[in-house]
Amino acid sequence: MGRNDALRAARLRVGWRTVEQAATRLTEHGQRLLDDRHFTVSARTWRRWEGERPGWPPEETAIVIHDALGRWPEDLGFTTPPGWIRPENQEEQVKRRTFVSVTAAALVPGPVASQYVDPALINYFQQQLEGHYRADMFLGPHDLIGTVSAQYQLIDKLVRSAKGETRRGLLRVGAAYAALVGWLYQDAGDMHGAAFWRGVTHEIAVRSREPHLVGYALVNQAQVRTDLGDGHAVADLCEAVLEDSHLLVPKVRIMAMQQQAHGASLTSDRNTVDRLIDQADGLLSRVDDDLPWGNACRRTPGYLEVQRATCYGRLGLGQEAVALWDQILTLIPETARRDRGVYLARHATAAAHAGAPDQALEIAQVAIGIAVETGSARMRRELVTLQQAMQPWQDAPVGRDLRDALAPVTEES
């Protein structure tokens, strides 16, 4: 049987070493580009594309292939159908539609009609915010992005009419809403959307003249840089926050220190990881503010040990990370579904690094079920990392069992 060597060479050029990895990466790319979480390409489909009769992909898939690999399907060994015209204009329309959907709530042109704004609305939005945080734990990102974005848009409208302390209060709560929208896009795997909304958060925080919020916004931007693997940028942003630590409540300082620890783990600096996590731990007992945002350090059991375990996993310290996850997961309630799934996936990866593939598979099977339920791209990325860590056993029964277990999150339904 012949092979489509052009497509194989193209995926290898972008670092997609296996068919399974290529299918996963193209699926993630397409979901971001098309703003469609249902877009999928299975490993089975990609394997057919690299075979003797690759056929022709659907038009939207052709656009995604071109955006990801820089070449159209007819240049990658696919069989061009009669009358095929490259849809450059359609590609631009797809990108424009995606951009507008992400940015619409934050870029409403003004001015708007003036109205009276009751100060009680500040408390109303703060109470709603706490409910959104709880819902995020149960639902994952996709079901909440529209709701939270719409509320941010309403806050933005009210800010344009509000005066004095009411306006400042709405700016403060608006920054918290923008931060949550940014987090939801990040959890959904849309790093472009996340970066845009992190920028909105920073702008609104600066307008509020609230130093705690400005620090919080910079930590949010550092989170995006962590997901992009840019450890030095993470350190730059967190150090900028901590330069003014005397102005900040302990909670914001803790957030900056733990995020800087993640940056240190990306540059393979274990000593700095431990030093920063230990310093943050010394501040936990002093967290006593009533700010409605950034309360993961109070809400999440074992919050700082979660960060340490995650950093250890990134550093390849399998046994140390497994020991920490064993302790942490006894504290995490079943109701914290999405977070528990992420932690289980990291636990499984740590087990693989520790040379325990059977344990890794057993843990992963629970995480996979949660990933299917929540649609969290963050969890999916963790499972892809697990798949890479399990490469030494890919031809063993445990490796094949893992591939079968991962099918619901890596292949078409």
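Scroll up a little and you will see the structure.
Fair warning: this is a prediction, and the values are worked out from it, not measured in the lab. (Residues numbered from 1 in each chain as written. Predicted model: local features only at pLDDT ≥ 70, side-chain atom pairs only at ≥ 80, totals over all residues. Heavy atoms only, no water.)

Participant: Would you take a moment to explain the overall build of the protein chain for this structure?
Facilitator: The helix and strand tally for the protein chain stands at 20 helices and 0 strands. Taken over C-alpha atoms, the radius of gyration comes to 23 Å for the protein chain, in line with the 22 Å a tight globule of 413 residues would show. The principal-axis extent of the C-alpha atoms belonging to the protein chain is close to 75 × 55 × 35 Å. Relative to its 413 residues, the protein chain shows a buried fraction of 53%. Only carbon and sulfur atoms are counted for the fraction: they give 49% of the accessible area of the protein chain, which is about 18,500 Å². Computing the positive centroid from 46 side-chain charges and the negative centroid from 52, the protein chain places the two 2 Å apart. (Helix = DSSP H or I, 4+ residues; strand = E, 2+ residues; numbered from the N terminus. Rg over C-alpha atoms; globule rule 2.2 N^0.38 Å. Buried < 20%, exposed > 50% of the residue type's maximum accessible area, 1.4 Å probe, protein only. Areas by Shrake-Rupley, 256 points an atom, 1.4 Å probe, with all protein chains shown as cover. Lys, Arg positive; Asp, Glu negative; His and termini not counted. Charge placed at Lys NZ, Arg CZ, Asp CG, Glu CD.)

Participant: I'm lost on helix α15 (residues 303–314) in this one. Help?
Facilitator: The periodicity of an α-helix, 3.6 residues per turn, causes residues three or four positions apart to be oriented the same way. The terminal C-alpha atoms of α15, which comprises 12 residues, lie 17 Å apart, in line with the 16 Å expected from a rise of 1.5 Å per residue. By the criterion of burial, α15 is predominantly enclosed, with 9 of the 12 residues buried. Among the residues of α15, those classed as buried are Tyr-303, Leu-304, Val-306, Gln-307, Arg-308, Ala-309, Thr-310, Cys-311 and Tyr-312. Buried-residue contacts for α15 involve α12 (250–266), α13 (270–281), α14 (296–299), α16 (318–328) and α17 (337–353). Positive phi appears at Gly-316, one or two residues downstream of α15, with a value of about 80°. (Expected span 1.5 Å × (residues − 1). Contact = heavy atoms within 4.5 Å.)

Participant: Even after reading the chapter, I still don't get the pattern of salt bridges, so can you show me in this structure?
Facilitator: When the charged atoms of two side chains with opposite charge come close together, those side chains can pair. For the coordinates displayed, the defined rule picks out 25 salt bridges. Between Asp-274 and Arg-308 there is a salt bridge, with the nearest N and O atoms lying 3.0 Å from each other. Pair noted here: Asp-274 is in helix α13 and Arg-308 is in helix α15, with a separation of 34 residues, a long-range link. Of the two residues examined, Asp-274 and Arg-308, each falls in the buried class. Between Arg-338 and Asp-339 there is a salt bridge, with its nearest N and O atoms 3.1 Å apart. According to the relative accessible area criterion, Asp-339 is buried, its value standing at 16%. Each of the salt bridges in this network shares a partner with another, and the network as a whole consists of Arg-270, Asp-274, Asp-278, Glu-305, Arg-308 and Glu-320. (Salt bridge = Lys/Arg side-chain N within 4 Å of Asp/Glu carboxyl O.)

Participant: Is there a simple way to explain the side chain of Ser-42 in this structure?
Facilitator: Take Ser-42: it is sitting in the loop between α2 (19–34) and α3 (43–49). A distance of 3.0 Å separates a polar side-chain atom of Ser-42 from the backbone nitrogen of Thr-45. (Polar contact = N/O pair within 3.5 Å; in protein donor to acceptor, adjacent residues only side chain to side chain.)

Participant: Honestly, a negative patch on the surface in this entry has me stumped. Any pointers?
Facilitator: A surface patch of negative charge is lined by Asp-236, Glu-239, Glu-243 and Asp-244. Relative to the elements of secondary structure, Glu-239 occurs in helix α11 (residues 231–242). (Patch = residues over 30% accessible without salt bridge, like charges linked within 9 Å, V, L, I, M, F, W, Y side chains within 5 Å.)

Participant: Sorry if this is basic, but what is going on with the nonpolar core here?
Facilitator: In summary, soluble globular proteins display a tendency toward joint burial of nonpolar side chains. Among the nonpolar cores identified, the biggest contains 50 residues, and Tyr-152, Leu-170, Tyr-177, Trp-197 and Trp-293 are the most heavily contacted of them. Mapped onto this core, the elements with two or more residues apiece are α6 (120–139), α7 (145–159), α8 (164–187), α9 (191–208), α10 (211–227) and α12. At 13 residues, the largest contribution of residues to this core is made by α8. Sequence-distant contacts of Tyr-177, defined by excluding residues within four places in its chain, comprise Phe-125, Gln-128, Leu-129, His-132, Val-148, Gln-151, Tyr-152 and Ile-155. If you look at the next biggest cluster of nonpolar residues, it comprises 39 residues, including Ala-321, Ala-350, Ala-352 and Val-398. (Core = buried A, V, L, I, M, F, W, Y, C linked by side-chain atoms within 4.5 Å.)

Participant: I'm lost on the packing of aromatic side chains in this one. Help?
Facilitator: The geometry of an aromatic ring pair is captured by two quantities: the separation of the ring centres and the angle between the planes. Counted according to the given criterion, the structure contains 10 aromatic pairs. Note on Trp-49 and Phe-78: the rings are 5.4 Å apart at their centroids and 70° apart in plane angle, and the pair reads as edge-to-face. One end of the pair, Trp-49, is in helix α3; the other, Phe-78, is in the loop between α4 (59–69) and α5 (88–103), with 29 residues separating them in the sequence. You can call Phe-78 buried: its relative accessible area is 5%. For the ring pair Trp-56 and Phe-78, a centre distance of 6.4 Å and an interplane angle of 85° mean the geometry is edge-to-face. Placement of the pair is Trp-56 in the loop between α3 and α4 and Phe-78 in the loop between α4 and α5, with a sequence separation of 22 residues. An aromatic cluster is present here, built from Trp-16, Trp-46, Trp-49, Trp-56 and Phe-78 joined pairwise through their rings. Seen from the ring of Tyr-312, Arg-270 lies directly overhead, with NZ or CZ sitting 4.7 Å from the centre. (Phe/Tyr/Trp six-rings, centres within 6.5 Å; stacked < 30°, edge-to-face > 60°. Lys NZ or Arg CZ within 6 Å of the ring centre and 35° of its normal.)

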